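Structural characterization, general
So you can see what is in the structure, the chains are spelled out below.
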Amino acid sequence: MMMKNYSSSPDWYSDLISPEFSISRSILLAPDEITKIPTDRDRILDFFIIITGWIYFLLWITASYPQFITNYRAKSVAGFSLNYLCLNIPGHLSYSIYNILFYFVPIFDDAYHEEHPHTTLPVYLNDVCYSVHNLIINLMMAIQCMVYERGDQKISTLVQIFVLLLALGASFITSLVSIKWLPLLSITHYLAAVKIVITLTKSIPQIWHNYCRKSTEGWSIVGVLLDIAGSTLSAVQMGLSAYKDGCWHPITGNLGKLGLSLISMTASTIYIVQHFCLYRNHGPIKASSVYFSKEQIDEPPKKPVEEKLQLDTI
């Protein structure tokens, strides 16, 4: 009996109602002849995987706007760490390239399934849209940092050297892959590692910035809450994919997404503690505050108009 190969059929989803799918998945096949036959369980899991992905996508892209709006309303980025932004942009750039390569470039898709056969590609359209969208928003915030009041902030030399080393590393890995000294997926592995490292380190400047000012003024807590909700659902989506495939490849094969979710949840928790516990009743107290520039704070207080009028009458 010839079994139809649904993994290579362009119309596999339209054939789900075919009676052939009533065949039990317990049929024993040779390891190289195994073809995954979608079942009702798989279709239900696929539905929840897609829905979960788009929900966390909406949460994550929405999380980018509160900070942008906060900067715009205050006409200042003094409460927003420039070092955080300087790290965030290459992080989103690497993650965008990572998702685009897997989703749109067939050779990377083929290489992934060759390394992890009979598993679901762990990159979805919502991952591509999220990463590209956030890259654009962060570039717009970079323009805000050039235009608005930023207090006494400047990008540290350490951050500049760190970003330069990451760029040189990307060039080096790409060169080794081009001469076939490394496998093709080394590029995506490096991009995933860059995103994880940046996600791990980018929050340190903002956390330190809040600590030095003893305030979270100018740092949007709404965006943090949306981010931690999106990170949780992203981890849930990966768990559903692993449960569907019956293995850990959807998680271990997408370290960038896994690291992004776990580290983002940790950083968001620290921000929440700073905002609601440590600095709950603290307003802006330093020159880097979102409301005042250094010149405005250093300026001596002016006498009230009423006092001046009384002196004139005397």
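Below, the structure is looked at part by part. (Residues numbered from 1 in each chain as written. Predicted model: local features only at pLDDT ≥ 70, side-chain atom pairs only at ≥ 80, totals over all residues. Heavy atoms only, no water.)

**Quick word on helix α9 (residues 221-245)**
The first and last C-alpha atoms of α9 sit 37 Å apart over 25 residues, in line with the 36 Å expected at 1.5 Å per residue. Residue Ser 220 occupies the N-cap position of α9, its side-chain oxygen lying 3.5 Å from the main-chain nitrogen of Val 222. Just downstream of α9, Gly 246 is the residue with a positive phi angle, here 70°. (Helix = DSSP H or I, 4+ residues; strand = E, 2+ residues; numbered from the N terminus. Expected span 1.5 Å × (residues − 1). Polar contact = N/O pair within 3.5 Å; in protein donor to acceptor, adjacent residues only side chain to side chain.)

**A look at helix α7 (residues 186-201)**
Its 16 residues place the ends of α7 22 Å apart at the C-alpha level, agreeing with the 22 Å of an ideal helix rising 1.5 Å per residue. Looking at α7, one finds that the buried residues are Ser 186, Ile 187, Thr 188, Tyr 190, Leu 191, Ala 192, Val 194, Lys 195, Ile 198 and Thr 199. (Buried < 20%, exposed > 50% of the residue type's maximum accessible area, 1.4 Å probe, protein only.)

**Digging into a nonpolar patch on the surface**
A surface patch of nonpolar side chains, amounting to about 530 Å² of accessible area, comprises Ile 50, Trp 54, Ile 100, Tyr 103, Phe 104 and Leu 125. Elements supplying a minimum of two residues to the nonpolar patch: α1 (40-62) and α3 (82-104). The element contributing the most residues to the nonpolar patch is α3, with three residues. Note that Ile 50 resides in helix α1. (Patch = residues over 30% accessible without salt bridge, like charges linked within 9 Å, V, L, I, M, F, W, Y side chains within 5 Å. Areas by Shrake-Rupley, 256 points an atom, 1.4 Å probe, with all protein chains shown as cover. Salt bridge = Lys/Arg side-chain N within 4 Å of Asp/Glu carboxyl O.)

**Some details on the side chain of Ser 241**
Within the secondary structure, Ser 241 sits in helix α9. With a relative accessible area of 4%, Ser 241 lands in the buried category. Among the polar contacts listed, one links the side chain of Ser 241 to the side chain of Tyr 124, at a separation of 3.2 Å.

**Overview of the packing of aromatic side chains**
The geometry of an aromatic ring pair comes down to the distance between the two centres and the angle between the two planes. Counted by the stated rule, this structure contains 14 aromatic pairs. Judged by centre distance (5.1 Å) and plane angle (75°), the rings of Tyr 103 and Phe 104 are edge-to-face. Residue classification places Tyr 103 among the partly exposed residues on the basis of a relative accessible area of 35%. An aromatic cluster of at least three residues, connected via ring pairs, comprises Tyr 56, Trp 60, Tyr 95, Tyr 98, Phe 102, Tyr 112 and Tyr 130. The ring of Tyr 72 has Lys 75 sitting right over it, with the charged end atom 3.9 Å from the ring centre. We note Lys 214 situated over the ring of Tyr 211; from NZ or CZ to the ring centre the distance is 3.9 Å. (Phe/Tyr/Trp six-rings, centres within 6.5 Å; stacked < 30°, edge-to-face > 60°. Lys NZ or Arg CZ within 6 Å of the ring centre and 35° of its normal.)

**Regarding the nonpolar core**
Formed by 27 residues in total, the largest nonpolar core has its most connected members in Tyr 98, Phe 102, Phe 108, Tyr 130 and Ile 187. Counting only elements with at least two residues in this core, the list comes to α1, α3, α4 (106-115), α5 (125-147), α6 (157-178) and α7. Per element, the largest residue contribution to this core is six residues, and it comes from α7. Of all hydrophobic cores here, the second largest spans 15 residues; its members include Phe 80, Tyr 84, Leu 85 and Met 141. (Core = buried A, V, L, I, M, F, W, Y, C linked by side-chain atoms within 4.5 Å.)

**Quick look at the packing of α7 against helix α8 (residues 203-213)**
Orientation of α7 relative to α8, taken along the N-to-C sense of each, is 5°, at an axis distance of 5 Å. Taken together, the axis directions place α7 and α8 in an arrangement best described as roughly parallel. When α7 is examined against α8, the residues Thr 199, Leu 200 and Thr 201 are found in contact with a partner set consisting of Ser 203, Ile 204 and Pro 205. Of the residues belonging to the contact of α7 with α8, the class tally is three nonpolar, three polar and no charged. (Axes fitted to C-alpha atoms, helices over the stretch in contact; angles between N-to-C directions. Parallel < 35°, antiparallel > 145°, perpendicular 65-115°, else oblique. Contact = heavy atoms within 4.5 Å. Nonpolar A, V, L, I, M, F, W, Y, C, P; charged D, E, K, R; others polar.)

**So, the environment of Lys 195**
When you line up the elements, Lys 195 lands in helix α7. For the pair Lys 195 and Asn 88, spaced 107 residues apart in sequence, the C-alpha separation works out to 9.0 Å.

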